[in-house]
Structure formats: structure tokens, C-alpha cells
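The residues making up each chain are set out below.
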Protein chains: 2
Amino acid sequence: MTLLKSWVSSANSAETEFPLNNLPYGVFSTGGAAACGVAIGDQILNVTALEAAGKLTLAGGPLLQKAAWNDVMAAGPAVWDALRTTLQSALAEGAAEEATFAPNLVAQADATMHMPFTVAEYTDFYAGKNHAMNVGTMFRGPENALPPNWLSIPIGYNGRASSVVVSGTDVVRPNGQLKGPNDELPRFAPSARFDIELEMGAIVGTASDGMISVDQADDNIFGYVLLNDWSARDIQAWEYQPLGPFQAKATATSISPWIVTSAALEPFRTTTPERERPLLPYLTESKPMLYDIDLEVALQPEGKDETIVARTNYNEMYYSAAQQLCHHTTSGCSMRVGDLLGSGTISGPEKTNRGSFLELSWGGKEPLTLDTGETRSFLEDGDTVALRGSAKGDGYRVGFGDVTGKILPAPAVPDWAK
Amino acid sequence: MTLLKSWVSSANSAETEFPLNNLPYGVFSTGGAAACGVAIGDQILNVTALEAAGKLTLAGGPLLQKAAWNDVMAAGPAVWDALRTTLQSALAEGAAEEATFAPNLVAQADATMHMPFTVAEYTDFYAGKNHAMNVGTMFRGPENALPPNWLSIPIGYNGRASSVVVSGTDVVRPNGQLKGPNDELPRFAPSARFDIELEMGAIVGTASDGMISVDQADDNIFGYVLLNDWSARDIQAWEYQPLGPFQAKATATSISPWIVTSAALEPFRTTTPERERPLLPYLTESKPMLYDIDLEVALQPEGKDETIVARTNYNEMYYSAAQQLCHHTTSGCSMRVGDLLGSGTISGPEKTNRGSFLELSWGGKEPLTLDTGETRSFLEDGDTVALRGSAKGDGYRVGFGDVTGKILPAPAVPDWAK
């Protein structure tokens, strides 16, 4: 597919992440109340205002008056299609709607972005094989790197929905129980191994009750965000046996300000890799269900230039979001509108493709040297991390907006905790 | 404390779980819309109707018009206290309110109970030492039964809020990935080791942002429910490494129809046990934070009489709900009104005190003989399980109502999953 031309001229550049082909959904404000917006070039179309003024009508509406996209999701795929078709037509070069829509554009530079949807529940997976191999090798040696179930199950755990924040939100280094290999007893202290995880997040748009197929799961996904699953490795190492990560992952989970719809990603479908062990039939995919999305991680020390520390692609996943969502329902688990499924850390095969500092610095043993000459094993206070991702079309790209977060120092340990 | 007398005569019996001392909160219906109700003897007081009629006024109200107790929780402890004081006074023997309140009583026998609150997020802990020792011994041998962190951390994991259902809801046996010790590859089949977990659930009534102390956590807990954490042991055994239980625990989590408030449980406070390893200061309790609540598990095969298969007490826990909630916030994790914290399985020291069939039948090796002569290792289709719990005062008791669930057969495996 090639670039679709818009009357919003900034949307016609090969560099913008938001051409007419994309039209991602977010929530923004410019001093007043937050509203639903659609990114187009360097602008945001205020669809809440358009709907309120009767210039944009959706079946079952109003659906855009709550500063969250959940009502649109809940309205179902026919409404998703109708909205996208309407917007793509109205924003196209030469469209008659220019006169009515143009006054509802706001410059992205003037807007503050908010959470694009209300997260119902948050599940995080562990479905990238390079990441699982790297982490497993560090923790259990290369022979036992992959758990026995890994090639059969998209392993996941329930995360904390209240941890999910929008890009730009500062991230306060957590305190927690830590126990080093030489400590006899644990202590309560700031995490010294605070890390990122580069992930994609899939958003459930259609609720389900009972088990659904991979095909149905694929249909039920409304769209995707970039996701940074901030992780305190020292808290995690001490707490995670036997029931999995808990406080290590509860500090914050940052997502991109824009939801890129499954429809916008359709031209970029790609297959999951060859199976090393046959999957059970319920996990078989009938068509390509991953997406070819280039990803990168940038680290910017306070007051310095950034360094790109990793580049990889969403096509490195062993399991698709559709497979994860299907597996999530096997036990009869009800899924809700607004459930968020993290892909798991996305690492490629090479050292420069690794989506966490745990892997990039090999557990702190091989610190990275940044372009500034500084080194990093894990995050330091004042560091800002940015995740970026875009799918590349013929003369255009489809992106999510950066997911940024700056690390603030840990809170002082209260007197009663000393 | 002794029995407080009410003009609702059935509330004055030593046998009722719902004397004037209790006044637990639920949601009920009798054919029409669901409403908030307060149990008193064998009756339910319709407080939604009283508030709507202007006969019950709460600061910041209306708070009782949404068929859920979340608005009352969010209003804060001063409102909790005021409501309890008002109700205890109005329902007391000789109260002038009898004339206006009596027409708003409904017989419990005529009511259908609904979820008493909207579960924001659900966390389940693993904080009973007898249970942890029993399960650990079965899985890892007696020397490695307790994980190294267990005596320092109230171990918990995030559960699935959408799994929480009210007592009386049928529970459909789950399908899932299973792999027996002699299977070369996993298969997709109904769970053959479907089990219960006898727990208490603490309900967060006051939201928090950032770390809170154990004392503050104790204050933030609105009340308690009985909780059955239905668990598929064969799914759990294959899936739980390395990130913890997932689909094994997502089928259903049943809670009692009545929330017993922390205020009603106040006379029954008791201490957590002696520490075998000193706790870090942040987990220290300044006063007794467990409760002395007798608990029992009954199993009723289809069409047969029930057998009490276990009796224990909430005072068997190693960690209190206040300690769990405090630990939950250490990493800066925000807690919400309506968060539900499962205590973990409550087992006493003896074989007859065990709160799961996994323990009662020692992993299926020592099947139980029921009073009917039948044996059970795990649950069979048609079985109904009831959990019961009550604190014993001087001539009265404070209970939760039974938590029941009947096991229905697993859904047929769909063609695409064969």
C-alpha cells in the first residue's frame, strides 16, 4: 500500500508517524477538559467536539464523550470500521468535510496527552524466545534456559492495571525487599537494578465469556500500543518464587499515547516463526497474526544527548497477541473491553537487539557504553527512556508516538519502615 | 461483647449469623432491580429504598443507588462509622425507626443475592504457613517446602478480577493444557484435579497512592468476605513456572454474599503468630490484626447429604490482610476502592484442618471418605462445596453467609481445538 493523501499537509510527509493510513486514537487536552482525538500529521482532530456538534455520528452513539475510547470499543467491529472509513474519507485530499473538520484540529505540540482508554485488567506475557533464552540462561544456565512449558504455552501472568500510565508520566524508582546473593537477610531499600521491558500491548475491544478461538481473538483485538513494563530486577529476583513477579512490576507500566488500530496495521501482518514443537490445535493460526513493526529503545541521561541502545522488531515474537488472548480464555476466563495484554519483552537475536537492560548489560556484567561516553547497567535517576515503533509502508510509516518516562529518585524510606 | 437486641426478632437468636452486632452489607433482588441491603436476622433491610425515600441520609450521598457498595467505601471511614451507628441505633430494640424501617425488610429466603461490590482488582496471597508447608512438601520435599522468601514476604500474585462471582454461581470445570508426569507432550482436556481453596478476602475501602504503613492499611480495609479460590491443580502444575498461576485460577473465585465490616469484626481481633524470622520493620504490627473466625468446608455430592471435610480458623494465618496490603504498596503500587485481597489458603496443623483437597487427599494419594461412603481426591461434577465462617461472641455469632458453588461438567472441546 502507498501513502494516502490528506488535506492536512503535514500528514503527507514520508516522515510523519501519522499519515491518513494510520489515524490512531488518543485522549488529549489543551488546558480544558480532555477529549478523544485522532492523530493526523502534526495535528489532532477533536472527535469529541465533532460528535457533540453533530458533525460525526456513530451507531449507538454518543460514544466519544467520556475522554476514553472504551465506548467505541464496546460498540463493536462494525462501528470500528464505520468510524475509520468516515475519518479516512473526511480527511482525504479534496474532501468536502475540510471546512467543518479543519476548525477542530489542534496542534500536537500544544496538547497534553492522557490515558487513551480505561484499562480493565492487565496481563503480561513472556512470549519472545530470545528474551526467554537470555533471561533463562542468566538465571538457570543455557541447558535449562527455556522452561519445559514454554514451547507449548504463551506463558503469562496477571499484572496490575493500576500501574498503567500514559507516556510522559515520570517513573519513581521503587523501594522494596531486596536480598543480594551475599546478604543473609533481606533489606528494604531502593531498587538498584531498575529496568525497562520493550513490549507491544494489545487491547481487547470485544468482551468474551468462555473460550474463544485464535481467529476470534484476532477479531476481538481493537488495536495496539507500545508498552514499557518497568521492572525492578532485584525485587523480582527475591520475590518471584513460587508465584511470579508482583511488586517488581507494579511501579509503572507506560503506554504510548496513541492506539494504532488493527485495521491500520493490516498491511503489515506477518507470520509467527516456525514451531520448534508442534502447538496444540487450539493455538494454530489460520493466517499471519504478528505485525512487522520496527522498534527501538533510546536512553537519555539527564541533560545529555540520547543513545539508541537497542533496535528490534515485533516479528521476533514466538506467539501472537491473538494466540495469547485465545490461551487466556481456555479456563473460561471472561475478557473485558479494555483488557490490555503485554506481549512480553521483544528481543532480537543479536546483542544490539535486546529489549531490556538486564539483557543488554548481561545482568550488569557487561555495562553498555552510551554515545556520551557514560556507561549503564541499569537505569539511573534522571535517565529518560523512550520506546519508538513504526511499521514501514511504501513511502509512509505508521507509528505510535514515543513512550517516554523519566526516572525520579526513590521516595525516602519512612521512619516506620526503618 | 454480648448480643445486642433488635426489634427484628430473628436477629436475637444465638444461632443467626446476622445479629445486630453484625449488620453486613450485600446486594439483593426480589424480581426487580438489585438494591443494597443489610442483613439482620433472617431479613434484609433495603437501604437503597430507604435512601431514595429520604429516610436514610449519608454525607456526600446518595451513595446507595448503584447496587454496589463501592460508593459507600469511597466516601471514607467517617461515613462507614456513621452508617453503622445509624443502622445499629435504628434497628435496636425499642427504636422509633421501627415504623419506617420495618416496611423495607425483605425475607432472605425470598431474595437473590448479587455481587456486593465491583471488584477493582484482585490479588491472591499465599500467607498460611500450614498450607505453604503442605503444598511445598508435596512439590519440593520437606526440606525445601518453604521458599526462602516466605518468612520475610507475604507472597502474593495478581489474580483475575473478572473471575470473581457471588456465592451460588455454578462453576464450570475448566479445560486447559495438562501434562501428566508420564505424558511426553501436553494435551487439551478437562481438569481432572479441580479443587477449592478456603480463604478470607479483605476489601480495600480507601484508595492509596504510594507506600502505606500496616496501621494505615488496617484502617483502609472496609471489610471481609469468605472466598473460594477454585483451582485446577493439573493446569497449575504445568503452567506455573516461572511466572505463577494463570489459567488454573481464572475459572472462578466465589465470595460470600455479605461483606462483614471491619467494625463488626473488631471484638474478634487476634494476633498473628510468633515470628520465626524477624520481619522487616515496615511489616511490624502495632496491634492484633488477624481475626478469630471459625471456618469450615462442606462437600455435598449431587443428591446426597453433605460432609464437613475441614474445620480451621482464620487465626492460622502467618500474615494479616493489613500486612499484605502494606506490602502490596511498597513499590508505589496504587490501590483502589474495591480491590480484593485473598488471604491464601487457610489450613490448620491437623489433617482435618486443611483448606484444600490437594492437602486433604495429599495430592490424591489419600482420598477422603465422605459420610456417604463415597471417596474424593478432587471435585467431581455435581459436587457442591460450601464454605462457612463465623466469629463467636458471648451468646451470639457474626457470620458471612455460605459461599456455595456447584461443579458443572467441562464444556465440550470445540472442533477447532481438537
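Computed from a predicted model, the values in this text were never measured in an experiment.

Take the overall build of chain A next. Along its length, chain A carries 10 helices and 27 strands. The C-alpha atoms of chain A give a radius of gyration of 21 Å, which matches the 22 Å a tight globule of 418 residues would have. On the principal axes, the C-alpha backbone points of chain A span a range of 70 × 50 × 45 Å. Counting all 418 residues of chain A, 62% fall into the buried class. Looking at chain A alone, contacts between residues at least 24 apart form 72% of all its contacts between residues at least 6 apart. Summing over all exposed atoms, chain A offers an accessible surface of approximately 14300 Å²; the carbon and sulfur share of this is 50%. Looking at chain A, you have 29 positive and 49 negative side-chain charges, and the mean spots of the two groups are 5 Å apart.

Screw-axis analysis of chain A against chain B gives a translation of 0.0 Å along the axis, an RMSD of 0.0 Å, and a rotation angle of 180°. Those values place the two copies in the arrangement expected of a two-fold rotation axis. No C-alpha of chain A lies nearer the rotation axis than that of A:Gly244, which sits 2.2 Å from it. Interface overlap between copies is the fraction of interface residues in one copy that are interface residues in the other; for chain A against chain B it reaches 100%, indicating a shared surface.

A few words now on helix 5 (residues 129–140) of chain A. Residues and elements named next belong to chain A. In a regular helix each residue adds 1.5 Å, so 12 residues correspond to 16 Å; helix 5 covers 15 Å between its end C-alpha atoms and thus fits that length. Along helix 5, the positions that sit buried rather than exposed are His-131, Ala-132, Asn-134, Val-135 and Gly-136. Looking at the buried side of helix 5, the elements it contacts are helix 10 (357–360).

Looking now at the interface of chain A and chain B. In this complex, chain A contributes 58 residues to the contact, which on the side of chain B involves 58 residues. Together chain A and chain B conceal approximately 5500 Å² of surface at their shared face, both sides included; 60% is due to carbon and sulfur atoms. Of all residues in chain A, the largest losses of buried area upon contact with chain B belong to A:Arg160, A:Leu243 and A:Phe246, amounting jointly to 15% of the total for that side. Taken together, chain A and chain B are joined by 4 salt bridges. The salt bridge involving A:Asp339 is made with B:Arg160; its shortest N-O contact spans 2.5 Å. Among the secondary structure elements, those contributing two or more residues to the side of chain A that touches chain B are strand 6 (122–125), strand 7 (156–158), strand 10 (175–178), strand 11 (187–190), helix 7 (233–239) and helix 9 (321–328) of chain A. It is strand 7 of chain A that provides the largest number of residues to the side of chain A that touches chain B, a total of 3 residues. Taken together, the residues of the side of chain A that touches chain B break down into 29 nonpolar, 20 polar and 9 charged.

Right, let's get into the side chain of B:Thr16. All names here are of chain B. Tracing the sequence through the fold places Thr-16 in the segment before strand 1 (25–29). For Thr-16, a relative accessible area of 12% corresponds to the buried category. Among the polar contacts made by the side chain of Thr-16, one reaches the main-chain amide nitrogen of Phe-18 at a distance of 3.0 Å.

Going through the model one piece at a time under the given rule, you end up with 26 aromatic pairs over all chains. Members of the aromatic cluster, joined through ring pairs, are A:Tyr25, A:Trp69, A:Trp80 and A:Phe222. Looking at B:Arg275, its charged tip hangs above the ring of B:Tyr318, at a distance of 4.1 Å from the centre.

A few words now on the domain arrangement of chain A. Residues and elements named next belong to chain A. What the domain assignment reports for chain A is domain 1 (9–114) and domain 2 (122–417). On the domain 2 side, the residues contacting the 25 residues of domain 1 number 27 residues. Summed over both sides, the interface between domain 1 and domain 2 buries roughly 2000 Å², with carbon and sulfur atoms accounting for 65% of that surface. At the boundary of domain 1 with domain 2, the tally comes to 0 salt bridges. The tally of links between domain 1 and domain 2 comes to 5 residue pairs in polar contact (both at pLDDT 80 or more). Among the secondary structure elements, those contributing two or more residues to the side of domain 1 that touches domain 2 are strand 1 (25–29), strand 2 (35–40), helix 2 (70–75), helix 3 (77–90) and strand 5 (112–114).

To continue, consider the sheet that holds strand 3 (residues 43–46) of chain B. All names here are of chain B. One open sheet holds the 5 strands; their spatial order is 4-3-2-1-5, and the pairing between them is antiparallel. Because the sheet does not close on itself, it has two edges, and the strands there are strand 4 (105–107) and strand 5 (112–114). The sheet shows a mean angle of 50° between the axes of neighbouring strands, taken without regard to direction. Sheet analysis places strand 1 next to strand 2 (residues 35–40), joined by 4 bridges and oriented antiparallel. Opposite Tyr-25, over in strand 2, you have Val-38 as the bridge partner.

Here the focus is the side chain of B:Arg173. Residues and elements named next belong to chain B. Note that Arg-173 resides in the loop between strand 9 (171–172) and strand 10 (175–178). Within the local environment of Arg-173, its side chain forms a polar contact with the side chain of Asp-381, the two groups lying 2.8 Å apart. Residue contacts for Arg-173: discarding those within four places in its chain leaves Pro-190, Ser-191, Ala-192, Phe-194, Leu-379, Glu-380, Asp-381, Ile-407, Leu-408, Pro-409, Ala-410 and Pro-411.

Each value, and the rule that gives it
- Residues numbered from 1 in each chain as written.
- Chains lettered and ligands numbered in written order.
- Predicted model: local features only at pLDDT ≥ 70, side-chain atom pairs only at ≥ 80, totals over all residues.
- Heavy atoms only, no water.
- Helix = DSSP H or I, 4+ residues; strand = E, 2+ residues; numbered from the N terminus.
- Rg over C-alpha atoms; globule rule 2.2 N^0.38 Å.
- Buried < 20%, exposed > 50% of the residue type's maximum accessible area, 1.4 Å probe, protein only.
- Contact = heavy atoms within 4.5 Å.
- Areas by Shrake-Rupley, 256 points an atom, 1.4 Å probe, with all protein chains shown as cover.
- Lys, Arg positive; Asp, Glu negative; His and termini not counted.
- Charge placed at Lys NZ, Arg CZ, Asp CG, Glu CD.
- Least-squares fit on C-alpha atoms with pLDDT ≥ 70 in both.
- Expected span 1.5 Å × (residues − 1).
- Buried area = accessible area lost by both parts, 1.4 Å probe.
- Salt bridge = Lys/Arg side-chain N within 4 Å of Asp/Glu carboxyl O.
- Nonpolar A, V, L, I, M, F, W, Y, C, P; charged D, E, K, R; others polar.
- Polar contact = N/O pair within 3.5 Å; in protein donor to acceptor, adjacent residues only side chain to side chain.
- Phe/Tyr/Trp six-rings, centres within 6.5 Å; stacked < 30°, edge-to-face > 60°.
- Lys NZ or Arg CZ within 6 Å of the ring centre and 35° of its normal.
- Domains from an automatic or database assignment.
- Pairing = 2+ DSSP bridges.
- Axes fitted to C-alpha atoms, helices over the stretch in contact; angles between N-to-C directions.

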